[in-house]
Amino acid sequence: MTDLEFPQGFTWGAATAAFQIEGAWDQDGKGESIWDRFNHQPYRILNGDTADIACDHYHHMPEDVALMQDLGIQSYRFSISWPRILPGGTGKIETRGLDFYDRLVDRLLAAGITPMATLNHWDFPQALQARGGWPNRDSVEWFTNYAQVVFEKLADRVPLWATHNEPFVVALSGYADGQFAPGIASFPQALRACHHLLLAHGRTVELYRQLGYDGQIGIVLNLATFLPKTDQPQDIAAAHRIEMLINGLFLDPIFRQQYPPALVEWIGEMWPEFEGDDMHVISQPIDFLGINFYFGQIVRYSPNGLLKLRSEQQIDPGWGMTDKGWGVCPSQLTALLKHIKEAYTDIPLYITENGLSVNTPADQNGVINDQARINYLRAHFQAAHQAITEGVDLRGYYVWSLMDNFEWAEGYSLRFGLIDVDFSDPNRKRTPKASFHWYRDVIKKNKICT
Ligand code: IFM
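The structure presented is a predicted model; accordingly, all values stated were derived computationally and were not measured.

*Asks:* Describe the packing of aromatic side chains, naming the residues involved and giving the relevant values.
*Replies:* Counted by the stated rule, this structure contains 42 aromatic pairs. Between Phe19 and Trp408, the ring centres sit 5.7 Å apart and the planes meet at 10°, which makes this aromatic pair stacked. Of the two residues, Phe19 sits in helix α1 (residues 18-21) while Trp408 sits in the loop between β10 (394-400) and β11 (419-421), which places them 389 residues apart along the sequence. Its relative accessible area of 7% is what places Phe19 among the buried residues. The exposure class of Trp408 is buried, given its relative accessible area of 3%. Note on Phe151 and Trp161: the rings are 5.0 Å apart at their centroids and 85° apart in plane angle, and the pair reads as edge-to-face.

So, in structure tokens, the structure goes:
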């Protein structure tokens, strides 16, 4: 047995997102989001689930902060629902919505937990979707105005801000394959959405600096590794293409001030024209990069599809697949962190999400012994520790997720939480799982035992 100690001051946290936990979808003046609209449509969500109530965090917030305090996390990553604050997306402010986050932040601080707030975790106002959504360049201004309202209320007490969570998913799953809200299938629209998300990010970073807050601002990207299946040039090029689509589409503009040349060339005429100064705004220096890590892929050339490739999940020896269908490969977390440092940036990194979807039923005593989640987290913490040992400036780790929640198109069928939520109970009873107790011990000792 070896003890692996983390650097002093390393931040242990847990993450959630507004739409996935809050419920109260139409209460206290909240406007409709694109996910409200989408999850009320037939066939969009597995089993017809909706997030109308979800974990009912909107009404259970004090209890949830008490659970966080019991867990011992030093930071809590949550997102703010844009239409809860601006029901029409722009214009009239709903103070009851703002007050909810105000109370959350105060309660977190009183519990000694540092808030990390994400402005956009996908629940875009439906009223603005009706005006074209992210593919409309006006979305940049809509978003910065919303950010300003939130900053003015909360930035005096929230020291860590992320503009977007996984803009790749917003743009590609929402606009290219239509699997997520708003359910549009148009690759050119997805590229426009992507560009405006990036521009909105850059303008919001500029605004945050102009307003003079002394906290930190960054962005959260879903990143993965992509290994060619063979050393054939066709497979190597295919792996590079998908890496540029998933990682490079956001990393390159932010850190290299350009879209990945290989991708632009491949996409050809479908690539939209953008205005001159945009890349400068997009590449504003940020204070940290948040990385959501879940899997690696093995890629080979295939004559089919736009990118002409096929990929499969990478699985490390001795591991398998998660309930979500993602391969478990902790080795790739070390590889990814080192790659980001070597190829892109030396700024501080956070793992802003990582966790396992596994449904472990309660035993006859009501105990949820999710040993699989403990094993998964331990291996990933170890991989992160390895990266730190090799010189990566990793500052913290947020487990996804604090509690079971609404997993988008898969509804309540997948469970990512350290805390079980009984979705059949009108009171949404919460039960900490074995992984909660294990994580509490890791946090207390700031080390893992491998
Ligand atoms: O639940 C999601 C989260 O909203 C974004 N990152 C991945 C998680 C698991 O799919």
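Still to come is the rest of the account.
*Asks:* Quick rundown of the pairing of strand β7 (residues 288-301)? Include the residues and the values.
*Replies:* Within β7, eleven of the 14 residues are buried, leaving the element largely enclosed by the surrounding structure. Relative to β7, strand β6 (residues 216-228) runs parallel, the two sharing ten bridges. Of the residues in β7, the one forming a bridge with Leu223 is Phe293. Of the pairings in the sheet, the one linking β7 to strand β9 (residues 349-353) comprises four bridges and is parallel in character.

*Asks:* How would you summarise the site of the ligand if you had to cite specific residues and measurements?
*Replies:* The ligand sits among 13 residues. The nearest are Gln20, His121, Glu166, Glu353 and Glu407. Between an oxygen atom of the ligand and a side-chain N or O atom of Trp400, the distance comes to 3.4 Å. In isolation the ligand has 280 Å² of accessible area, and contact with the protein removes 96% of it. A per-class count over the shell around the ligand returns six nonpolar, three polar and four charged.

*Asks:* Got a sec to walk through the packing of helix α7 (residues 138-154) against helix α9 (residues 187-211)? Specific residues and values, please.
*Replies:* Orientation of α7 relative to α9, taken along the N-to-C sense of each, is 35°, at an axis distance of 9 Å. α9 is crossed by α7, and the crossing has right-handed handedness. Packed against α7, whose contacting residues are Ser139, Val140, Phe143, Thr144, Ala147, Gln148 and Phe151, the element α9 presents His196, Leu199, Ala200, Arg203, Thr204, Leu207, Tyr208 and Leu211 at the interface. Each residue belonging to the contact of α7 with α9 can be placed in one class, and the counts come to nine nonpolar, five polar and one charged.

*Asks:* Lay out the pairing of β9 with the relevant residues and their values.
*Replies:* Two faces belong to every sheet, and in a regular strand the side chains alternate between them. Within β9, five of the five residues are buried, leaving the element largely enclosed by the surrounding structure. Where β9 lies against β10, three bridges are found, and the strand directions are parallel. Within β10, the position partnered with Ile351 by the bridge is Tyr397. Each parallel crossover has a hand, and the one from β9 via helix α14 (residues 371-389) to β10 is right-handed.

*Asks:* Kindly report on the pattern of salt bridges, identifying the contributing residues and their values.
*Replies:* Within this structure, the stated rule accounts for 29 salt bridges. With a closest N to O distance of 3.2 Å, Arg137 and Glu275 form a salt bridge. Within this pair, whereas Arg137 is found in the loop between α6 (126-129) and α7, its partner Glu275 is found in the loop between α11 (261-267) and α12 (278-282), the two being separated by 138 residues in sequence. Given the relative accessible area of 25%, Arg137 is considered partly exposed. For Arg209, the salt bridge is made with Asp287, and the minimal N-O distance between the two is 3.0 Å. Of this pair, Arg209 sits in helix α9 while Asp287 sits in the loop between α12 and β7, and the two are 78 residues apart along the sequence. What makes Arg209 partly exposed here is its relative accessible area of 36%. A relative accessible area of 22% means that Asp287 is categorised as partly exposed. By sharing partners, the salt bridges in this structure join Asp102, Asp106, Asp156 and Arg157 into a single network.

Analysis parameters
- Residues numbered from 1 in each chain as written.
- Predicted model: local features only at pLDDT ≥ 70, side-chain atom pairs only at ≥ 80, totals over all residues.
- Heavy atoms only, no water.
- Phe/Tyr/Trp six-rings, centres within 6.5 Å; stacked < 30°, edge-to-face > 60°.
- Helix = DSSP H or I, 4+ residues; strand = E, 2+ residues; numbered from the N terminus.
- Buried < 20%, exposed > 50% of the residue type's maximum accessible area, 1.4 Å probe, protein only.
- Pairing = 2+ DSSP bridges.
- Near = heavy atom within 4 Å.
- Polar contact = N/O pair within 3.5 Å; in protein donor to acceptor, adjacent residues only side chain to side chain.
- Areas by Shrake-Rupley, 256 points an atom, 1.4 Å probe, with all protein chains shown as cover.
- Nonpolar A, V, L, I, M, F, W, Y, C, P; charged D, E, K, R; others polar.
- Axes fitted to C-alpha atoms, helices over the stretch in contact; angles between N-to-C directions.
- Left-handed = near helix turned anticlockwise from the far one by under 90°.
- Contact = heavy atoms within 4.5 Å.
- Right-handed = clockwise from strand over helix to strand, strands pointing away.
- Salt bridge = Lys/Arg side-chain N within 4 Å of Asp/Glu carboxyl O.

Function cannot be inferred from these measures alone, as they are strictly geometric.
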